[in-house]
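The residues making up each chain are set out below.
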Amino acid sequence: DKLPGILADGKLTVATSADFAPYEFYEGEDIVGIDPEIVKAIGEKLKVDVEIKDMDFNNIIASIGSGRADIGAAGMTVDPKRLENVNFTDTYASSTQIFLIKKDSGIKSKDDLKDKTIGSQLGTVGNEIAEEEFDKVSAFAKYPDAVLALQNGKVDAILMDKTSAEKFLAANDDLEIMEADYESEDYAFAIGKEEDEAKEIINKAIKELQDDGTIEEIVKKYK
Ligand code: ARG
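Basis of the calculations
- Just so you know, the residues in each chain are numbered from 1, in the order the chain's sequence is written.
- Local features in a predicted model are, by the rule used here, given only for residues with pLDDT of at least 70; side-chain atom pairs are given and counted only at 80 or more, and totals for whole chains, interfaces and linings are based on all residues.
- To get the side-chain values, all heavy atoms of the structure are used, and hydrogens and water are removed first.
- A helix here means a DSSP run of H or I that spans at least four residues, while a strand means a run of E at least two residues long, and both kinds are numbered starting from the N terminus.
- Radius of gyration here uses only the C-alpha atoms, and the compact-globule reference equals 2.2 Å multiplied by the residue count raised to the power 0.38.
- Per-residue accessibility, obtained with a 1.4 Å probe over protein chains only, is compared with the maximum for each type, and a residue is labelled buried under 20%, exposed over 50%, and partly exposed between these values.
- Contact definition: two residues touch when any of their heavy atoms are within 4.5 Å.
- Reported accessibility uses the Shrake-Rupley method at a 1.4 Å probe radius. Residues are deemed covered only where the shown protein chains occlude them.
- Here Asp and Glu are counted as negative and Lys and Arg as positive; His is not counted, and neither are the chain ends.
- By convention, the charge on Lys lies at NZ, on Arg at CZ, on Asp at CG and on Glu at CD.
- Per-residue confidence from the predictor is reported as pLDDT, which spans 0 to 100.
- In this analysis, rings of Phe, Tyr and Trp, with Trp reduced to its six-membered ring, are considered paired at centre separations within 6.5 Å, and the interplanar angle assigns stacked below 30 degrees, edge-to-face beyond 60, and tilted for intermediate values.
- When DSSP locates at least two bridges between a pair of strands, those strands are taken to pair.
- Throughout, an axis means a line fitted to C-alpha atoms (over the contacting stretch in the case of helices), and angles, computed between N-to-C directions, take values from 0 to 180 degrees.
- One heavy atom suffices: a residue is near a molecule or strand as soon as one of its heavy atoms comes within 4 Å of it.
- Two N or O atoms count as a polar contact when they lie within 3.5 Å, although within protein this holds only if one can serve as hydrogen donor and the other as acceptor, and sequence-adjacent residues are included solely when both atoms are side-chain atoms.
- What sets the label is the angle itself: under 35 degrees gives roughly parallel, over 145 gives roughly antiparallel, 65 to 115 gives roughly perpendicular, and the rest give oblique.
- For a crossing to be left-handed, the near helix must be turned anticlockwise from the far one by less than a right angle; the clockwise case is right-handed.
- For this classification, Asp, Glu, Lys and Arg are treated as charged, while Ala, Val, Leu, Ile, Met, Phe, Trp, Tyr, Cys and Pro are nonpolar and the rest, including Gly, are polar.

Engineer: Explain the overall build of the protein chain residue by residue, including any values.
Structural biologist: Each helix and strand in the protein chain was counted, giving 7 helices and 13 strands. The globule rule puts the C-alpha radius of gyration for 223 residues at 17 Å, and the 18 Å found for the protein chain is close to it. Its C-alpha atoms give the protein chain principal-axis dimensions of roughly 60 × 35 × 30 Å. Across the 223 residues in the protein chain, those meeting the buried criterion constitute 51%. At a minimum sequence separation of 6, the contacts of the protein chain that also span at least 24 residues come to 73%. Carbon and sulfur atoms make up 45% of the accessible area of the protein chain, which amounts to about 10800 Å² in all. Of note, the protein chain has its 27 positive side-chain charges centred 2 Å away from the centre of its 49 negative side-chain charges.

Written as structure tokens, this is what we have:
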């Protein structure tokens, strides 16, 4: 049987921003992590090839609109604002926003951040919230540059997803996490608005990979 829509050419082109361990990051030349592995498992199930394309997070949704990518797999939050341009598959993970700060910053609560500069990644939920709540916001295309700015004192905190912040913590012992009370966010794959048939097929694959423990195993491997 011929697969519908984006799946019909036997190839799934996946946009990501490989700066977000454990979800997607470079290991040498390879992009690895929870998202690439889940997407490859979906590809195997559907018998389509998977090609991962690294780009700035801020370009992922546009790349789906223009056909440069079929889906986005980038620890993407199901943000209602995004639904204008893309749909989302069923969710496969969740996280929450926290502040990544320097250990010696003296920052103890959100109040201490009032007049400070908040770093974020362009196009993310963290950036959206930072723009709403703070006067001084700095946006970076890639997270490592935001972390460098934090370490150099150019920003005072980074508002970002906790799971990925934990990986930056593990690699930089001058940093720590300050919890905040933001709501939990669901991660899903972004897909074109006209791709309901392909979306249902991908959702079925996600469900099977959840039911047989594959996704849990992948998450465990990278946590
Ligand atoms: N969950 C957040 C969002 O969707 C951040 C995702 C960042 N992902 C990345 N691969 N850099 O806005």
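Engineer: Just give me the short version of the confidence of the model for the protein chain, but keep the residues and values in it.
Structural biologist: Atomic detail in the predicted coordinates should be set aside for any region of low pLDDT. Of all residues in the protein chain, 100% have pLDDT values of 70 or greater, and the mean over the chain is 97. Two summary scores accompany this predicted model of the complex, namely pTM at 0.97 and ipTM at 0.98.

Engineer: Please provide a residue-by-residue account of the packing of aromatic side chains, values included.
Structural biologist: For the structure shown, the criterion picks out 8 aromatic pairs. When the ring of Phe25 is compared with that of Tyr222, the centres are 6.0 Å apart and the planes differ by 80°; the resulting orientation is edge-to-face. Of the two residues, Phe25 sits in strand S2 (residues 25-27) while Tyr222 sits in helix H7 (residues 214-222), which places them 197 residues apart along the sequence. Each ring, one from Phe99 and one from Phe134, has its centre 6.0 Å from the other, and the planes form 80°; the classification is edge-to-face. Pair noted here: Phe99 is in strand S7 (residues 93-102) and Phe134 is in the loop between helix H3 (125-133) and strand S9 (136-140), with a separation of 35 residues, a long-range link. By relative accessible area, which is 0% here, Phe99 ends up buried. Among the aromatic side chains, those forming a connected cluster through ring pairs are Phe20, Tyr23, Tyr143, Phe168 and Tyr187.

Engineer: For the sheet that holds strand S4 (residues 49-54), give the residues involved together with the corresponding values.
Structural biologist: Across the sheet, 5 strands lie side by side as S4-S1-S5-S13-S6; this open sheet has mixed pairing. Of all the strands in the sheet, just S4 and strand S6 (87-88) have a single pairing partner and so form its edges. Examined bridge by bridge, S6 and strand S13 (residues 190-191) share 2 bridges and lie antiparallel to one another. Pairing of Asn87 across the sheet is with Ile191, part of S13. Helix-sheet contacts for helix H1 (residues 34-46) involve strand S1 (11-16), S4 and strand S5 (71-72), and the interaxial angle to S4 is about 155°.

Engineer: Explain the side chain of Asn172 to me, and be specific about the residues and the numbers.
Structural biologist: Within the fold, Asn172 resides in the loop between helix H5 (162-171) and strand S11 (175-178). Once residues within four sequence positions are removed from consideration, Asn172 is found in contact with Val147 and Gln151.

Engineer: A description of the pairing of S7 should follow, citing residues and the corresponding values.
Structural biologist: In terms of burial, S7 is a largely internal element, 8 of the 10 residues being buried. Pairing of S7 with strand S12 (residues 184-187) involves 4 bridges; the strand directions are antiparallel. Paired with Thr96 across the strands is Ser184, a residue of S12. Here S7 runs beside strand S10 (residues 157-161); their pairing, made up of 4 bridges, is antiparallel.

Engineer: Can you lay out the site of the ligand for me, pointing to particular residues and giving the numbers?
Structural biologist: Not every one of the 16 residues close to the ligand is listed here, only the nearest: Ala74, Gly75, Thr77, Arg82 and Asp161. Residue Ala74 places a main-chain N or O atom 2.8 Å away from a nitrogen atom belonging to the ligand. Between a nitrogen atom of the ligand and a side-chain N or O atom of Gln121, the distance comes to 2.8 Å. Bound to the protein, the ligand loses 100% of the 350 Å² it would expose on its own.

Engineer: Run through the packing of H1 against H7, naming residues and quoting values.
Structural biologist: Where H1 meets H7, the axes come as close as 9 Å, and the angle between the chain directions of the two elements is 155°. The angle between the axes of H1 and H7 places the two elements in the roughly antiparallel class. The two elements H1 and H7 meet at a crossing, and its hand is right-handed. For the pair formed by H1 and H7, the contact residues are Ile34, Glu37 and Ile38 on the first element and Ile215, Ile218, Val219, Lys221 and Tyr222 on the second. Its residues assigned to classes, the contact of H1 with H7 comprises 6 nonpolar, no polar and 2 charged.

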